[in-house]
Each structure stands twice: as C-alpha cells, then as structure tokens.
Amino acid sequence: MDQVKAYYEFVDSKESADISLLKRGSRFFVMTSQGQVCDLPLYRQNIFQVLNTYHQGLKSPEIAPQVFLFTKNAINLTKKIFHQKEDIQTQETTVNWDIIFKTIQSIGQNSSSLRILSEKILELPFLKNFHSSLVILHIKGQAKAEIIGTLWKSEKFSQLFETKNFNVLFNSIKKSKLKSFHTDSFSTLDLPFNGSFLGKDFVSKKYSLIYLTTRHDFLNFQKEEIDLFQSAIELLGPHFERIIDQEFNSKRISELRICLKDFPLPLRLKSNFIENEFSNDLYEKSLEDRDIFFSKKVEQNFSLDLYDCDELRHYAFDLFHFQRISLLGELLNTLRHELSNPLFGLKLGSQVYASFELSTDHREMITEIEKNIDRSQLIIENFSNLYQEHAEAKSYPLRKFIDESLTLAKSEIREVKKDIQYLNDTENLMVNQPLIFIVQIIFNLIVNAAQAMRDQETRPEINLKTTFFDNNIIIDMTDNGPGIKPDKLQYLFKPFFTTKSYGTGLGLLLSRNLAIKMGGNLEYISDLPAGAHFRLTLPIQGPT
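The following refers to the structure shown. These figures come from a predicted structure and were not determined experimentally.

### Some thoughts on the nonpolar core
Inference 1: Counting 41 residues, the largest nonpolar core has I446 and F534 as the members making the most contacts within it.
Inference 2: Of all the elements in the fold, those that place two or more residues in this core are α11 (398-408), α12 (435-452), β18 (461-469), β19 (472-479), α13 (507-517), β20 (521-524) and β21 (533-539).
Inference 3: In terms of residues, this core owes the most to one element, α12, which gives twelve residues.
Inference 4: Other than its neighbours up to four places away in sequence, F534 contacts L445, I475, D476, M477, L492, F493, L508, L522, E523 and Y524.
Inference 5: Ranked by size, the runner-up nonpolar core spans 32 residues in total, among them F101, L122, L137 and F229.

Below you can see the structure in the form of structure tokens.
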C-alpha cells in the first residue's frame, strides 16, 4: 500500500473500499481491494462499482465527465448492438462487452510497437471482416508523417506521408460527424487502398495520429458499426501514447549510446548500485579516480566520469572549438544578412547624392561615408571568412594574417601600443595555411595579453616579430604585462586552467592544438624578466 501511495494519489480518499479511484498525472486508474491496478476505461466488470462510489460521495469534477461519458457510450451501444431496450446488464450483453474489453486490454498489453498494435486491432470481434489496419503518425516538428500497418492481414506496409496530406485527412476525420469515409473523397492523398474506411483521430502535445481500417469494399457502414468502432478505438488511446513514447525513448537512448561510444575520451556512467552502467571502448579498468578530469551527476542516482588521455585530448577539445566556431558562423551569417541590406542602401544613397552638385565640404563628407561603408562591408566579410565551417588552406602574404588578427582584436587593443616587425623580408612571404586557424591563434594571444595588462599603471605594449627559418615562419609575441608566474607554467596549456576570473581555460589549449594540426607548435618562452613571450612556429606549406 505504501508503494501505491508513493506512485498514485487516492482521489476518493477511500483506501479500504472494494474499488478505489487513483490518479497519476492527468490519467485515472482503479484499484481492487487485492491491490490490482488497472486503467479505468479497461476495467469493465467494475464500472458500475465506480459509479456507485461516485454516487456515495465522490465530488471530484475531473472524474465525473470521464466516467459518465464512457458509461453512457457503453450503455447506448449495448442497447443498439444487442437490441436490449430495458435491462442492459443481462448475461448476454455482459459477456459480449467483456469479450470486447478483454480483447482491447490484451491487444494493448501485448503490443510492443505501432505495427504490432495495428495488426492486433483486427482481432476485435466486430472487425473480423476488415482486412487492412493502418496508423498514420505525425510527430510535431517533423517534415513528414509515416504510415505503418498491415494490408490484407498479411502484407506489412510502411511509407512516408506528406504533412500537408496528413493535415487534410486529420482535419476531415476530426470534423466529420459521420466518421465514415471513402477514398474517392481523398483521391489526391495517395492512400494505399481503395474503398470505404473508418477513421479515428488522436492528438497529444507530442504527436497527431490517425487510425484507419477498411474491408476493401465500397459499402456504407452502419451507424452501430461506426459508434462501436469509435468507442472501442478510443480505449486504445493510452496504448498508442505509451508505445509511441517507448519507441522514441528507445531511439533516443540508442542514438545517445552511439554518440557516447564514439566520444574521443574514455568515459564511464556509474550508478549508486552498479559501478559500470555504461562505458565506451576507450575506457579501461586500469584507469583510476585520479585520472578523472571531469565528473558530473546527471541524475539522482547516476554520475558521468571523463578520464584524461594525452594522445586523444586535443581531439576532444577540437570538438568544443568547432562547436563554438559553428555557432559563431551562424551568428555572423545572420548579422551579414541583416546588415548587408541597410549598408547597400546607404551606399546607393551616397552615390546618388554624390551625383548632385555639391560643395567641397559636402563632397568630402560623402566620400568619407562611402569609405566607412566599404570598411564595414569588409569587416563583415572578414568575420564571415574567419568563422566559416571548413578551414581551407590558401596562399596569403604573412602580413594578411597579422592584419586580420589585429582587426578582429581592435576593441581589446584600442589603448595598447603595438609594434610590428617583419624581419628577413617576411612581410610579403606567401604562407599556404588555413587563414582562420592562424588568425584564431594570434587573436587569442593578443586578447589574452591585452586583458592581462588592462589595469597596469604603465602603458600596455604588444610586440609582434616575424622571421623565417628552415621553411618555417616564426612569430614571436611579447608584452610588458605581469607575465606568467613560474609555479603556473606547468599548467599553462592544461584544460580549464586560467588566471582570469571569467576565463574558460581553453584558449591556449585550443591555440596549441590548431598549431599542431597545421604541423607547427605554440610554446611559452621563459626569457624575459617581465612580461610574457609566446612563440608560434608554422611551416610555410600546409599539409596536402
């Protein structure tokens, strides 16, 4: 009983009654005195006991419409189908109704998929002359619906169904009073059968569903047949919902396991009860707790551990890097789209205005406006090139890499003195490497230096010096800031290490990984009494 109380709510507050009404979420249940819990609509033999319980004092307005609607339909259909006008509880009608309800309960309990459920619906006694049973399911947000079921009681059928066609059919069934249809009325929908058919609609927060069944003939259905079909299929609604939730939860769990299995770091999911609920191929029992560099509790009883692995680490953090790049790329594409139109309008307006007779001052002002418009468009284009999804190696003069980096970091280094030196005539040296990678590295170094010097009394200064040695470009960047303390050097390129209160601790790690990806390296040089010195070494020719 304590377990029942923990899972259900006693809505009639009569725990010792022969039959009790329970509630969980938005659904209602009944429980016998032996503790058996069943769905309310499927518990046929005690439906009148439920009504008696209600008449004896149950006042919940939520239960009354559900109970009476079901019972009213059952009584009316029993009268029509079994031709009982007065005593509707004769043994004959009870037996027939019990067969129907027991079959519905069996169909629901023994169906593990929508296909099986659709096949088993044809086991209902009043559908013995029907040959095809189909479910059309549309998950909200998806581009297409899907037809699943069986044709001629043996041919398994499955195909996609256009959403617009699904909506036409769904709305027609929903609005119809007769609930009996003919394929001639839906000739454009490409239904997989011809003739008369019965249809029932279901809708929830997650999906919309249509159930169809046909005898493959062109005869009209009797109203009693239609009423019985609608009421009986209505009772299968909770089972449709349960199966759909199960199928999609299983699909999501399967996709998640595949993703975790291919994750490029050893990982393990453990619970309070099992030490290894799930682990990927890289996880080994020899790994110890001291190797864990990230652990998070994901549910009340579960936690996820990620283990450090030197040879694979940079691949994992490339993932974070490219996720960030992808997000920035989407943002910049949106900004480019939104800003290009007004900039084009401004430039067109300035060109038209420049065609008029203007004073010298006004003409100079218009020229300045056009120059700034061109500069704005160039900045937008440079940002878009920097954060494009795929990095392509092209030959550019070395100066372009430096200039692009300084332009992107302009807001951070506005007050910083900059000294750029191109030794050995490297200014115009052609470098065949991905522009976005090199600019990302230099940009990170410049921003880190500027932020470290932000509050110092002396004017902050950054020096960039480029030289050429043994087919490699060497870019040295120094500053006059606080530098890196000796006891922190060993952690400099470790993940999540940062000297800033708001930093992520990934910038230098990502920068070094990008340098390595291009065949070079990024290192810290401890040769200055004050300030910091980073050296970026890259081959002129990128990997082919």
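Having seen it, we continue.
### A short note on the packing of α12 against α13
Inference 1: Viewed as axis vectors pointing N to C, α12 and α13 meet at an angle of 150°, and their least axial separation amounts to 9 Å. The pairing of α12 with α13 is recorded here as roughly antiparallel in orientation. Along this stretch, α12 crosses α13, giving a crossing that reads as left-handed. Every residue of α13 that contacts α12 at F437, Q440, I441, N444, L445 and N448 is listed here: G507, L508, S511, L514, A515 and K517.
Inference 2: Split by residue class, the contact of α12 with α13 holds six nonpolar, five polar and one charged.

### So, the packing of aromatic side chains
Inference 1: Under the criterion given, the structure shown has eleven aromatic pairs.
Inference 2: Look at F130 and F221: their rings are 5.8 Å apart centre to centre, the planes differ by 10°, and that puts the pair in the stacked class. On the criterion of sequence distance, the pair formed by F130 in the loop between α5 (114-121) and β5 (132-139) and F221 in the loop between β10 (207-214) and α7 (223-234) is long-range, its members being 91 residues apart. Neither residue differs from the other here; F130 and F221 are each classed as buried.
Inference 3: An angle of 80° between the planes, with centres 5.5 Å apart, marks the rings of F193 and F197 as edge-to-face.
Inference 4: By relative accessible area, F193 is classed as buried at 4%.
Inference 5: Classification of F197 as buried rests on a relative accessible area of 0%.
Inference 6: The side chain of K200 reaches across the aromatic face of F202, ending 5.7 Å from its centre.

### Remarks on the pairing of β5
Inference 1: Within β5, eight of the eight residues are buried, leaving the element largely enclosed by the surrounding structure.
Inference 2: Of the two faces of β5, both are covered, the one formed by S132, L134, I136 and H138 as well as the one formed by S133, V135, L137 and I139.
Inference 3: As defined by bridge partners, β5 adjoins β10 across eight bridges and the pair is classed as antiparallel. Bridging across to β10, L137 finds its partner in L209.

### Here we look at the sheet that holds strand β8 (residues 180-182)
Paired through their backbone hydrogen bonds, the strands of a sheet run either parallel or antiparallel.
Inference 1: What the six strands build is an open sheet, ordered β7-β6-β5-β10-β9-β8; its pairing is antiparallel. Two strands in the sheet have a free side with no partner beyond their single neighbour: β7 (155-162) and β8. Direction aside, neighbouring strands of the sheet carry axes that sit 25° apart on average.
Inference 2: Relative to β10, strand β9 (residues 196-203) runs antiparallel, the two being bridged by seven bridges. Bridge pairing in β10 places V203 opposite S208.
Inference 3: Relative to the sheet, α5 contacts β5, β6 (144-151), β7 and β10, its axis offset from that of β6 by approximately 45°.
Inference 4: Contacts from α7 reach β8, β9 and β10 within the one sheet, and its direction differs from that of β9 by about 35°.

### A short note on the sheet that holds β21
Inference 1: What the five strands build is an open sheet, ordered β16-β18-β19-β21-β20; its pairing is mixed. Bordering the open sheet on either side are β16 (417-422) and β20, each of which pairs with just one other strand. In this sheet, neighbouring strand axes are inclined to one another by 15° on average, regardless of whether the strands run parallel or antiparallel.
Inference 2: Where β18 and β19 come together, eight bridges link them in antiparallel fashion. Bridged to F468 within β19 is I473.

Quick notes on the rules
Position numbers for residues start from 1 in each chain and track the written sequence from start to end. In keeping with the model being predicted, local features are shown solely for residues with a pLDDT of at least 70 and side-chain atom pairs are shown and tallied solely at 80 or more, while totals for entire chains, interfaces and linings include all residues. Side-chain metrics rest on all non-hydrogen atoms present in the structure, leaving aside hydrogens and water. Only buried residues count toward a nonpolar core, which is a set of Ala, Val, Leu, Ile, Met, Phe, Trp, Tyr and Cys residues joined through side-chain atoms within 4.5 Å. Buried residues are those whose accessible area, probed at 1.4 Å on protein chains only, stays under 20% of the maximum for their type, while exposed residues exceed 50% and partly exposed ones sit between those limits. Numbering of helices and strands starts at the N terminus; helices are DSSP runs of H or I of at least 4 residues and strands are runs of E of at least 2. Residues are treated as being in contact if the distance between any of their heavy atoms lies within 4.5 Å. To obtain an axis, a line is fitted to C-alpha atoms, over the contacting stretch when the element is a helix, and the angle between two such axes runs from 0 to 180 degrees between their N-to-C directions. Angular relationships are summarised with four words: roughly parallel below 35 degrees, roughly antiparallel beyond 145, roughly perpendicular across 65 to 115, and oblique for the angles in between. Take the far helix as your reference; a near helix turned counterclockwise from it by less than a right angle gives a left-handed crossing, and one turned clockwise gives a right-handed crossing. Polar here means any residue other than Ala, Val, Leu, Ile, Met, Phe, Trp, Tyr, Cys and Pro, which are nonpolar, and Asp, Glu, Lys and Arg, which are charged; Gly is therefore polar. Here a Phe, Tyr or Trp ring, Trp counted by its six-membered ring, pairs with any other such ring whose centre lies within 6.5 Å, and the pair is stacked when the planes are under 30 degrees apart, edge-to-face when over 60, and tilted otherwise. Any Lys NZ or Arg CZ that is within 6 Å of a ring centre and within 35 degrees of that ring's normal is treated as a charge sitting over the ring. Two strands make a pair as long as DSSP finds a minimum of two bridges between them.

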